[in-house]
Amino acid sequence: MLGCLLGAVVGDALGVPVEFRSREQLSADPVTGVRGHGTYHQPPGTWSDDSSLLLATADSLIHNGYDPPDMMARFLTWLKGQAYTPHGEVFDVGIATRSAIARYANGAPPSEWGGRSERDNGNGSLMRIAPLALFTRALSPAEIVRCSMEVSGLTHAHPRSQLCCAYFSLLLPLLVLGWPLARAMSQASRHLAPFVPEEEREVLEEILDGSIVEAPASAIRGSGYVVHCLEASLWCAARHPSYEQAVLAAINLGEDTDTTASVTGALAGAMYGRAAIPEAWLRALASREYVETLCERLVERVYEESPRR
Ligand SMILES: [Mg+2]
């Protein structure tokens, strides 16, 4: 579990310096390890909104258990630059997330926080769902789906984003248990199937039938669209034999490099464990001790919540 959480943060930090670079640019100058500066002029090891929101979610679960409005309160604290940042500064935030937090801050009811249009399907809820996936691991599949959809809906309330989060939450705990990825994917699909409405089936088809991992690299996109992000992460995790190679492949797809690498890092970290994360990458992480302590506390909390597994 620690590998999953730290794997996400480390992936984010590695992707930050080259966010928005194209695949062509990165194939000429591929990322092979920790870099600094670049897109946001941040020092090496700086993690972004992906990790901030993931850590805020983890902190909420540690202190309050399952309490989605408390998560939102913490997201607002982050957006104000008051917590969950590596250097006290917010340098990156998605449009849907910012809009949702603004609606919350302005006193809108919870049903109006998350964007519901088809355009509100960026990867901004998928990138922060891993802590919830671990926390809800012992619940029934239907409960896991319900919780993940609700927590996605804080910022991303369109069914497509919600279903991608639910799929991820069904999948991650199986990987932590050591299930092979292909088997875990088919189990997650089976459990998600009853909740997928007809109009979302086609767009999620290659994830649900598992065929995405067989796609050629040319068919995989590292964009900020939630379906691309989930597809790319599954593909990178399936096609590379280590945490290190999966995360670097995710970054070198280009576009939304930090988030693709963060989601891939959660998957590969769950599959290979904390020991598989290169020590040099962990050492470079900004506020490393803070990140590690928070992740360790969530893992302890998960064991308190569900000691059976
Ligand atoms: Mg980011």
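Located above this text is the structure these notes cover.
Thresholds, definitions, all that
Residues numbered from 1 in each chain as written. Predicted model: local features only at pLDDT ≥ 70, side-chain atom pairs only at ≥ 80, totals over all residues. Heavy atoms only, no water. Helix = DSSP H or I, 4+ residues; strand = E, 2+ residues; numbered from the N terminus. Rg over C-alpha atoms; globule rule 2.2 N^0.38 Å. Buried < 20%, exposed > 50% of the residue type's maximum accessible area, 1.4 Å probe, protein only. Contact = heavy atoms within 4.5 Å. Areas by Shrake-Rupley, 256 points an atom, 1.4 Å probe, with all protein chains shown as cover. Lys, Arg positive; Asp, Glu negative; His and termini not counted. Salt bridge = Lys/Arg side-chain N within 4 Å of Asp/Glu carboxyl O. Polar contact = N/O pair within 3.5 Å; in protein donor to acceptor, adjacent residues only side chain to side chain.

*Asks:* What am I meant to see in the overall build of the protein chain here?
*Replies:* Scanning the protein chain from terminus to terminus reveals 16 helices and zero strands. Rg of the C-alpha trace for the protein chain: 17 Å, near the compact-globule value of 19 Å for 309 residues, within the 12% margin. Counting only C-alpha atoms and orienting by the principal axes, one finds that the protein chain spans roughly 45 × 45 × 40 Å. In the protein chain, which comprises 309 residues, the share counted as buried stands at 59%. When contacts within the protein chain are restricted to residue pairs at least 6 apart in sequence, those whose partners lie at least 24 apart make up 72%. By element, 51% of the accessible surface of the protein chain is carried by carbon and sulfur atoms, the whole surface being about 11800 Å².

*Asks:* Sorry if this is basic, but what is going on with the side chain of Asp50 here?
*Replies:* Structurally, the position occupied by Asp50 is in helix α3 (residues 49-64). Arg128 is the oppositely charged side chain nearest to the buried, salt-bridge-free Asp50, at an N-O distance of 10 Å. Of note is the side chain of Asp50, whose polar atom sits 2.4 Å from the side chain of Thr259. Ignoring sequence-local partners within four residues, the contact set of Asp50 consists of Asp12, Met127, Asp258, Thr259 and Ser262.

*Asks:* Please clarify how the pattern of salt bridges should be interpreted in this entry.
*Replies:* Counting across every chain of the model gives 13 salt bridges. Measuring nitrogen to oxygen at the nearest pair gives 3.0 Å for the salt bridge that ties Arg160 to Glu118. Here Arg160, found in helix α8 (residues 159-176), pairs with Glu118, found in the loop between α5 (95-105) and α6 (130-135); they are 42 residues apart in sequence, far enough to count as distant. Residue class for Arg160 comes out buried when judged on its relative accessible area of 7%. According to the relative accessible area criterion, Glu118 is exposed, its value standing at 52%. Between Glu292 and Arg274 there is a salt bridge, and its shortest N-O distance comes to 2.9 Å. You can see Glu292 sitting in helix α16 (residues 288-305) and its partner Arg274 sitting in the loop between α14 (257-272) and α15 (279-284), a full 18 residues away along the chain. Given a relative accessible area of 13%, Glu292 falls into the buried group. Here Arg274 falls in the partly exposed class, since its relative accessible area comes to 29%.

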